[in-house]
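# Observations on the three-dimensional arrangement
Here are the chains, one letter per residue:
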Amino acid sequence: MTTIAPAAPARRDVSPARHWRWTQPGLLLTGGALVLLIDPGPFDLRVITLVVAYAVAATGFNVLVGFAGIVSIGNSVFLAAGGYAWALLATSYGPLVALLAGVVLAAVIAALAGVLLLRLRAYYFAVATLALGTLGTVVVRNWTAVTNGDAGITNVGYIKVFGLSGVPSIFVAAVVLLALVSFLQEALRTSPVGQAMIIGRYDPPAAEGIGVSVAYTRVVAFVLSAVTAALGGALIAQLAGGAFPDQFATTSAISLLVIPIIAGRGWRWAPLVGAAIVIALPEYLRFLAEYRLVVYGAAVVLVALFLPGGVHQVVRAVAERLGRSRG
Amino acid sequence: MNQLIYFVIIGLGIGAVYALAGLGVVTLFTGSGLANFAQGDLMVLGALVAVSVTSAGHGYVAGLLAAVAVVAVAGVLLGALFTLPMRHRRMDVDVVIIGTLGVATTMTTLAGIWWGRQPQRLDSPLAGVFVPVGEMRVPAHYVLLLVGAAVVFGLVRWFHRRTDIGLQLRAVASSVPAARDAGVRIGRMLVVAWTIAALVGGVAGVLVASVLPIAPESALPLGVNGFAAAIIGGLANPAGAVLGGLVVGLAETLAGGYLNDTVRQSVAPLVLLVVLVLRPGGLLGRARGARTV
Amino acid sequence: MAERRPAGTLVGRGLSVSFGPLTAVDGVDIEIGPGECVGVIGPNGAGKSTLLNLLSGAVPADRGSVRLLRGSTEVRLDRAAARVRARHGIARLFQTARLVPDWSARENVELGVRTAGPAAWLEALGLPTSKRRAAHRARAAEEALARVGLVERAGFRSAELSLGQQRLVELARILVADARILLLDEPFAGLSRSAREVVAGLVAQLRDEGVGILLVEHDLSQIRKLADRLVVMDHGRVLAAGPVEETLADPEVVKRYIGDVELEIGGALEEPAAPAPQPVAEQRSGPPMLQVRDLRVFYGPVAAVDGVSFDVAAGEGLGLVGPNGAGKSTILRGVAGLLRASGDVELAEQPLGSLATPDRYRRGLAFVPQTLTAVVDLTVEENLRLSWLTGTRADRFAEALDRVGELFPEVLDRRSEQAGALSGGQRQMLAIGRALMASPRTVLLDEPTAGLAPGLVPIFADALARLRATGVAVVVVEHNLGLVRAACTHVLGLQAGRPVWHGPTERFDAAVAHEVFLGAQPDTTQEEQVHS
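Cut-offs applied
Just so you know, the residues in each chain are numbered from 1, in the order the chain's sequence is written. Working convention: letters from A go to chains and numbers from 1 go to ligands, in the order in which they are written. For this predicted model, a pLDDT threshold of at least 70 governs which residues receive local features, and a threshold of 80 or more governs which side-chain atom pairs are given and counted, while totals over whole chains, interfaces and linings are taken from all residues. Calculated side-chain values reflect all of the structure's heavy atoms, with hydrogen atoms and water omitted. UniProt positions are given in the numbering used here, feature names are shortened, and annotations may be inferred rather than shown by experiment. Every helix listed is a DSSP run of H or I at least four residues long, and every strand listed is a run of E at least two residues long, numbered separately from the N terminus. For every residue, the accessible area obtained with a 1.4 Å probe (protein chains only) is divided by the maximum for its type, and the residue is called buried under 20%, exposed over 50%, and partly exposed between those limits. Working rule for contacts: check all heavy atoms of both residues, and any pair within 4.5 Å makes them a contact. Per-residue and other accessible areas follow the Shrake-Rupley method at a 1.4 Å probe size, with only the shown protein chains counted as cover for residues. Note: two strands are recorded as paired if DSSP finds a minimum of 2 bridges between them. Here a crossover is taken to be right-handed if, once the strands point away from the viewer, the path from the first strand over the helix to the second is traced clockwise. The convention used is that axes are lines fitted to C-alpha atoms, helices contributing only their stretch in contact, and that angles between N-to-C directions extend from 0 to 180 degrees. Buried area adds together the accessible area that both of two parts lose upon being put together, with accessible area traced by a 1.4 Å probe. Salt bridge, as used here: a side-chain nitrogen of Lys or Arg that lies within 4 Å of a carboxyl oxygen of Asp or Glu. For this analysis, a polar contact is any N or O atom pair within 3.5 Å, provided that within protein one partner can donate a hydrogen and the other can accept it, and provided that sequence-adjacent residues contribute only side-chain to side-chain pairs. The residue classification treats Ala, Val, Leu, Ile, Met, Phe, Trp, Tyr, Cys and Pro as nonpolar and Asp, Glu, Lys and Arg as charged. All others, Gly included, are polar. One fewer than the residue count of a helix, multiplied by 1.5 Å, yields its expected span. Reported orientations rely on four angle classes, namely roughly parallel under 35 degrees, roughly antiparallel over 145, roughly perpendicular from 65 to 115, and oblique for the rest. By the definition used in this description, the sense in which the near helix is turned from the far one sets the handedness, with an anticlockwise turn below a right angle giving left-handed and a clockwise turn giving right-handed. A patch consists of residues exposed above 30% relative accessible area that lack any salt bridge, with like charges linked at up to 9 Å and nonpolar side chains (Val, Leu, Ile, Met, Phe, Trp, Tyr) linked at up to 5 Å. A pair of Phe, Tyr and Trp rings is counted when the ring centres sit within 6.5 Å of each other, with Trp represented by its six-membered ring. The angle between the planes then sorts it: under 30 degrees is stacked, over 60 is edge-to-face, the rest tilted. Here the nonpolar core consists of buried residues drawn from Ala, Val, Leu, Ile, Met, Phe, Trp, Tyr and Cys, with membership extended through side-chain atoms lying within 4.5 Å.

As recorded in an unreviewed UniProt entry, chain B goes by Branched-chain amino acid transport system permease protein and comes from Pseudonocardia thermophila. Under the UniProt heading Sequence similarities (unreviewed entry), the entry covering chain B gives this text: "Belongs to the binding-protein-dependent transport system permease family. LivHM subfamily." The record held by UniProt for chain B lists under Subcellular location (unreviewed entry) the comment "Cell membrane".

Per an unreviewed UniProt entry, chain A goes by the name Amino acid/amide ABC transporter membrane protein 2, HAAT family and belongs to Pseudonocardia thermophila. The record held by UniProt for chain A lists under Subcellular location (unreviewed entry) the comment "Cell membrane".

This is the structure we're talking about:
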């Protein structure tokens, strides 16, 4: 056996450890339990639940942007699908049907749009999704027969679990859903499908050369982002007590995009960390009054230009520095 | 019949604004291969600056000039922001998309803080003047829109074709490697491209503010319409953007007049989607690298 | 490992493809059977990489067929996309290593293991069976990495591996995918000597195990070691084919591969050179115009040119010659500032340091890139003005334009036409004209006569001579050795990024040319030197 280099240094392995698919959900569930134990006030719990809801929605988006490398500005349409499906069906047909309906609706839209649009280059696809999101808003605002227009749909009920009621119940449901989608995210990461997405992002010709259908993996990623967005949208509707067009406008699509970008594309903790930054931070920076959105916008620009790896990049740098000073 | 003519004139007028919005998109795209999700905000910026200056009593022209100045500065800043850090890195499309989205958010919010979120109108210099069409009267400002758009288009075209800087811009638009081999300073040209795009957007904003009330939130729909106009022409074709703008403006106005508001609002995004799905190169342009797989 | 695929023969017949007006590949027949290595060589632009693309499916052919023959079955692959061909066992290595940088070597190799559709989905959902499958994949990857000697680095980030190691990881991926046909595109480019040995060893092993290999290479020593047959391409067609040594000794191949040159007319220059204002052989050594010391030019992290030094005085002409991939154009681009370089470059005794290209042009350096890089959407006059704008502006635009008109009236006649509409020869003239517009002190020309009809060459020799007569220093990369001998005072021969010969033109004769072009590369072992 010939070796090229002199004695190799101590064996390391940068492949993602398989345990994360169990560890992360476990940590999330434990964290959720802790939060309930601490019993924060109603305002704080509401904020935290909203964060978790967006984290659920952003998990699929993290896959889209982080694994497959696709930028979409239109996922508000899928949030709306989930939210309105819940609003219309939950009280009559129960939570499971409502959630499923939202998921299926979002998946169908995503599959159709994906097949038609994903052959476009990055920039054109982004514009197309913007158009899609805009159309979604127009439909939601104007199809009053179904969506009740700007007035929205109220009295939508929420998931009751473990005998809890009110926001705590929604919180628990949200945490459970987040644990579930996080498991799926990790399983995907180390599976052939996920790996195909990743190499399809880095190097489409090389991917095709290995037998990967890049177009197919992109559509799959897009559909996954739609599915989790629908779940998140349903949670958002429950939390707000109703489905309203404003919740699902382009700004929410931009929030979904910003979450993995600021936190670190593809990082397993990006959905939660990002959602905390995007959703919770503005709530707690109220002293900045209206300027908090300015800070938010500026942060997005700076991260995009100067810190492309987001929070994850910072965390990794710190961990490396600590590792070096120790060893 | 007269109603049709009325709608057509209005539609063309609005279309002229979209044409300018689209021209801004195309100018940047041909100069740099990028496009700016904050283009709508530049239009809003121009409009609101003009409103402030004119309501302070300085007159329409002063408002226009002030808007132009402010927007030019914004353009230079944006150009520098998106060019300088990129000098030693490969320009990543994602970065520009996300970065300009961030800029858009910031600008929309700042505009809301500085000018409030209420829609504002700019009094036209031709207020009170009407063009008779049968029994109907079209505000003369719509004609001004068309004339203004034509003037801007002509100026940009003159600049591109007759000045040395325009020559270099066209070289960069044709092929960055060829331009680089010829010794063109690519970074500076990119900043110029951004500035021109901003100027075009700013003027468009001032013009449209007399027929549409403008609020910070108008940035997004204006941006979408600008993209729709530009896409019809294939993103690389200024004349195509003008045509596209007129088409979208006409379609919207006719839809709004004869059908209903929902259809009117759907025109621009639908046009975008349909064109992208069927002919990504635009109805007029070549399929210039729009597709990948 | 999965059960082995049966061996097969990849057959391409009548393959042709054109990109716009350019015919890249024209009616090529090629066959790669099991256990044989077919080498493909040819000058730049001969269509070798395009042929590879046609076989791998990256580019669809306009005409011709691609078939995979296995025993009695035949699979037609003309319309099949690259990924379909990959699933049939056709694997391809690109010129640059294409790994996912943040992944470990093992993960990159695992990608090569085929997993059927439903099974892949079960694993994506994280069902219990996935653990076994993943372990199986990891094992297969580690075995492959062991074969290439990298198993200790299986967990390392691919970005941290050297270029040679990355290339080996790609090969491990191919091993794991059980490819039966391997298409290699210059696999040795940029590798160190030891890395080349390992890669060569692996390729030989694969060949012996029955894999059919197509090897596109410039490094003739590797071709000699590994190839059973050789195919020489030129201008998109097969020029010659057959056993390796025979084909390399074919005079037609020698002539075309080295360039249009009448080497056999020992010493006699290309007579048709138009009467130059001064006899070309006269040495006019004026003040040094361009001084280059220890130049190393980098493509990314790899030094494509390593340690080149030369001087060119005012009025002198330096010809850069050598086989493809030797780094000649790279030197010009490094001097022009278009590629990252280290070392010292002085223009008219002023160091250029790390000045950007536009500033170098302002100081009097002009660079004429290879064909087709005039800005095609601008008119001829606009192109000329652009070069005037970015040059020294020592003369007014009108004067500079007149000068160019004197030299190339044909070009000025078409000043309002788009540059893209000119013929090849006219484009070349425009290219030199653009350089002149800048009133430069030193002109770098990259293959100015490439693709030109031979009858036009004397005009260029004349133009270069006249240019030199005005005191400009000229550096020319050329394959046409006749032009080099007519227009240059000195010659620098290069191989694999290193200088191998430097001296006055008179001493550059047929024997030296042979050595520079077809001789052994400097990086090989002693025994290879015998062949030449």
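Moving on from the coordinates now.
## Some points on the overall build of chain A
Scanning chain A from N- to C-terminus turns up 14 helices and two strands. Taken along its principal axes, the extent of the C-alpha atoms in chain A is 70 × 50 × 40 Å. The buried share of chain A, reckoned over its 327 residues, is 57%. Taking the contacts inside chain A whose residues are at least 6 apart along the sequence as the reference set, 78% of them involve residues at least 24 apart. Counting every atom, chain A has about 13100 Å² of accessible surface; 70% of that belongs to carbon and sulfur.

## Observations concerning the pairing of strand β8 (residues 212-216) of chain C
For a regular strand, side chains alternate in direction, first toward one face of the sheet and then toward the other. Residues and elements named next belong to chain C. Taking burial as the measure, the five residues of β8 include five buried ones, the bulk of the element. What you see with β8 is no split at all: Gly212, Leu214 and Val216 on one side and Ile213 and Leu215 on the other are buried throughout. Examined bridge by bridge, strand β7 (residues 181-185) and β8 share five bridges and lie parallel to one another. Looking across to β8, one finds that Asp185 is bridged to Val216. On the question of chirality, the crossover connecting β7 to the parallel β8 by way of helix α7 (residues 193-208) is right-handed.

## A few points about the UniProt feature "transmembrane region" (unreviewed entry) in chain B
Residues and elements named next belong to chain B. Under the present numbering, the feature "transmembrane region" (unreviewed entry) in UniProt falls on residues 6-30, 64-84, 96-116, 140-160, 190-215 and 227-255. Taken end to end, residues 6-30 is 100% helix and 0% strand, and its first and last C-alpha atoms sit 35 Å apart. Annotation note: span residues 64-84, helix share 95%, strand share 0%, distance between end C-alpha atoms 30 Å.

## Some details on the sheet that holds strand β6 (residues 90-93) of chain C
All names here are of chain C. On the basis of which strands lie adjacent, the open sheet formed by six strands has the order β6-β7-β8-β3-β9-β10 and mixed pairing. Strands with a single pairing partner mark the edges of an open sheet, and in this sheet they are β6 and β10 (237-242). Adjacent strand axes in the sheet meet at a mean angle of 15°, parallel and antiparallel pairs treated alike. The sheet contacts of helix α1 (residues 48-56) involve β3 (37-41), β6, β7, β8 and β9 (229-234), and relative to β7 the element is tilted by about 150°. Lying over the sheet, α7 contacts β3, β7 and β8, oriented at roughly 145° with respect to β8.

## Things to note about the sheet that holds strand β13 (residues 317-321) of chain C
Sheet strands line up and pair through hydrogen bonds in the backbone, either parallel or antiparallel. All names here are of chain C. Strand order in the open sheet formed by six strands is β16-β17-β18-β13-β19-β20, with mixed pairing between adjacent strands. Looking along the sheet, the strands with just one partner apiece sit at the ends: β16 (365-368) and β20 (498-504). Between one strand axis and the next, the sheet turns through 15° on average, direction left out of account. Here β13 runs beside strand β19 (residues 490-495); their pairing, made up of four bridges, is parallel. Within β19, the residue paired with Leu320 across the bridge is Leu492. On top of the sheet, helix α11 (residues 328-336) reaches β13, β16, β17 (442-446), β18 (473-477) and β19; it is set at about 145° to β17, its chief contact. The sheet contacts of helix α16 (residues 424-437) involve β16 and β17, and relative to β16 the element is tilted by about 170°.

## Digging into the environment of Ile159 of chain A
Residues and elements named next belong to chain A. Relative to the helices and strands, Ile159 is located in the loop between β1 (153-154) and α7 (167-189). Residue Ile159 is classed as buried on the basis of its relative accessible area, which comes to 12%. The spatial distance from the C-alpha of Ile159 to the C-alpha of Val172 is 9.2 Å, given a sequence separation of 13 residues.

## Structural notes on the interface of chain C and chain A
Each side of the interface is counted separately: chain C has 45 residues, and chain A has 41 residues. Interface of chain C and chain A: buried area, both sides summed, is about 3600 Å²; carbon and sulfur atoms make up 58% of it. Considering only the side of chain C, the residues that lose the most area to chain A are Arg83, Leu111 and Trp121 of chain C, jointly responsible for 14% of the buried surface there. Where chain C touches chain A, the interface holds two salt bridges. Inspection of the region where chain C meets chain A yields six residue pairs in polar contact (both at pLDDT 80 or more). Where the side of chain C that touches chain A is concerned, the elements lending two or more residues are α2 (82-87), α3 (105-110), α4 (117-124), α5 (129-147), α6 (163-176) and α7 of chain C. For the side of chain C that touches chain A, a count of residues per class yields 21 nonpolar, eight polar and 16 charged.

## Considerations on α7 of chain C
All names here are of chain C. Counted at 1.5 Å a residue, the expected span for α7 with its 16 residues is 22 Å, and the 22 Å between its end C-alpha atoms agrees. Three or more residues of α7 are buried, namely Ala195, Arg196, Val198, Val199, Ala200, Leu202, Val203, Ala204, Leu206 and Arg207. Looking at the packing, one finds that the buried side of α7 touches β3, α5, α6, β7, β8 and α8 (220-226). A positive backbone phi angle near 105° is found at Gly210, which sits one or two residues after α7.

## Here we look at the packing of helix α11 (residues 250-263) of chain A against helix α12 (residues 270-284) of chain A
Residue and element names in this part refer to chain A. Put simply, α11 and α12 touch, their axes get as near as 8 Å, and they point 115° apart. When the axes of α11 and α12 are compared, the pair comes out roughly perpendicular. Between α11 and α12 lies a crossing whose hand is right-handed. Contacts from Ser255, Val258, Ile259, Pro260, Ile262 and Ala263 in α11 reach Ala270, Pro271, Val273, Gly274, Ala275, Ile277 and Val278 in α12.

## Comments concerning a nonpolar patch on the surface
Residue and element names in this part refer to chain B. A contiguous nonpolar patch, built from Met1, Leu4, Ile5, Tyr258, Leu259 and Val263 and spanning about 580 Å² of accessible area, is present on the exposed surface. Looking at the secondary structure, you find Ile5 in helix α1 (residues 2-32). The class of Ile5 is partly exposed, set by a relative accessible area of 33%.

## As for the packing of aromatic side chains
Aromatic ring pairs are defined here through the distance separating the ring centres and the angle between the ring planes. Residue and element names in this part refer to chain A. Within this structure, the stated rule accounts for 17 aromatic pairs over all chains. Taking the centre distance of 6.2 Å and the plane angle of 85° together, the rings of Trp20 and Trp269 count as edge-to-face. Linking Trp20 in helix α1 (residues 20-38) with Trp269 in the loop between α11 and α12, this pair joins segments that are 249 residues apart in sequence. The exposure class of Trp20 is partly exposed, given its relative accessible area of 21%.

## Remarks on the interface of chain B and chain A
Where interface size is quoted, it is often the accessible area lost as the parts come together. Taken together, the contact pairs 45 residues of chain B with 42 residues of chain A. Between chain B and chain A, roughly 4000 Å² of surface is buried when both sides are summed, and carbon and sulfur atoms account for 76% of that area. Linking chain B to chain A there are zero salt bridges. Along the contact surface separating chain B from chain A lie two residue pairs in polar contact (both at pLDDT 80 or more). When contributions to the side of chain B that touches chain A are tallied by element, the ones reaching two or more residues are α3 (60-83), α4 (93-115), α9 (219-232) and α11 (261-278) of chain B. For the side of chain B that touches chain A, the leading source of residues is α4 of chain B, giving 15 residues. Split by residue class, the side of chain B that touches chain A holds 30 nonpolar, eleven polar and four charged.

## Side note on the nonpolar core
Formed by 260 residues in total, the largest nonpolar core has its most connected members in Trp86 and Met197 of chain A together with Phe37, Phe227 and Leu272 of chain B. Excluding its chain neighbours within four sequence positions, the residues that come into contact with Phe37 of chain B are Ile73, Tyr123, Ala126, Val127 and Leu130 of chain A together with Ile97, Thr100, Leu101, Ala104 and Phe227 of chain B. Counting residues in hydrophobic clusters, the runner-up holds 50 residues, among them Ala91, Leu93, Leu191 and Leu202 of chain C.

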